[in-house]
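# Geometric and topological summary
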Amino acid sequence: MNLFVQEIPALDISPKTIQETPSPATDPLIARSLQKEQYFGIIGLAITLIATVGFFSRRVEYAIAIAIILSAILIAFFLFV
C-alpha cells in the first residue's frame, strides 16, 4: 500500500505576528447610529398592527395587547434577574 505524502510548505509568517481583530467600535456590520430609528419603527409597527386588528375585532386587539405587555414584562424580568 503506497500512500502519497505531501509536504506542507513552511509558513512565511512567524507565530509572533498574529493579526488582531478590529475593535468592536469600528465593526462595519453593526449600525450603532440606527438603533433609535429601529426602536421607533418597531414600536410604530406594533401600534399599527394592534390598530389594524382592532379595526376588525376588538377581542383580538385586546388579546394581542395583553400578549405584548406580558411578553415585555417577562423579557424585562429575565434580563434583569
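An account of the accompanying structure is given in this report. Being a predicted model, the structure only gives us computed values, none of them experimental. (Residues numbered from 1 in each chain as written. Predicted model: local features only at pLDDT ≥ 70, side-chain atom pairs only at ≥ 80, totals over all residues. Heavy atoms only, no water.)

Each helix and strand in the protein chain was counted, giving two helices and zero strands. Classification of the 81 residues of the protein chain by burial places 5% in the buried group. Surface exposure of the protein chain reaches about 8,300 Å², of which carbon and sulfur atoms provide 70%. (Helix = DSSP H or I, 4+ residues; strand = E, 2+ residues; numbered from the N terminus. Buried < 20%, exposed > 50% of the residue type's maximum accessible area, 1.4 Å probe, protein only. Areas by Shrake-Rupley, 256 points an atom, 1.4 Å probe, with all protein chains shown as cover.)

Where helix 1 (residues 35-56) contacts helix 2 (residues 58-80), the axes come no closer than 6 Å and their chain directions differ by 150°. Taken together, the axis directions place helix 1 and helix 2 in an arrangement best described as roughly antiparallel. Together, Ile50, Val53, Gly54 and Phe56 of helix 1 and Arg58, Val60, Glu61, Ile64, Ala65 and Ile68 of helix 2 make up the contact between the two elements. Its residues placed into classes, the contact of helix 1 with helix 2 shows seven nonpolar, one polar and two charged. (Axes fitted to C-alpha atoms, helices over the stretch in contact; angles between N-to-C directions. Parallel < 35°, antiparallel > 145°, perpendicular 65-115°, else oblique. Contact = heavy atoms within 4.5 Å. Nonpolar A, V, L, I, M, F, W, Y, C, P; charged D, E, K, R; others polar.)

So, on to helix 1. For helix 1, spanning 22 residues, the distance from its first C-alpha to its last is 32 Å, which sits close to the expected 32 Å at 1.5 Å a residue. Along helix 1, the positions that sit buried rather than exposed are Ile50, Val53 and Gly54. Within helix 1, the buried residues cover an arc of 110° as seen down the axis, which keeps them to one side. Within helix 1, the exposed residues directed more than 90 degrees away from the buried face are Phe40, Leu45, Phe55 and Phe56. The inward-facing, buried residues of helix 1 contact helix 2. (Expected span 1.5 Å × (residues − 1). Arc of directions from axis to C-beta.)

Considering the arrangement of structural elements, one finds Glu61 in helix 2. Classification of Glu61 by relative accessible area gives buried; the value is 13%. The residues touching Glu61, leaving out its near neighbours within four places in the chain, are Ile50, Val53 and Gly54.

Shape is all these values report; function is a separate question.
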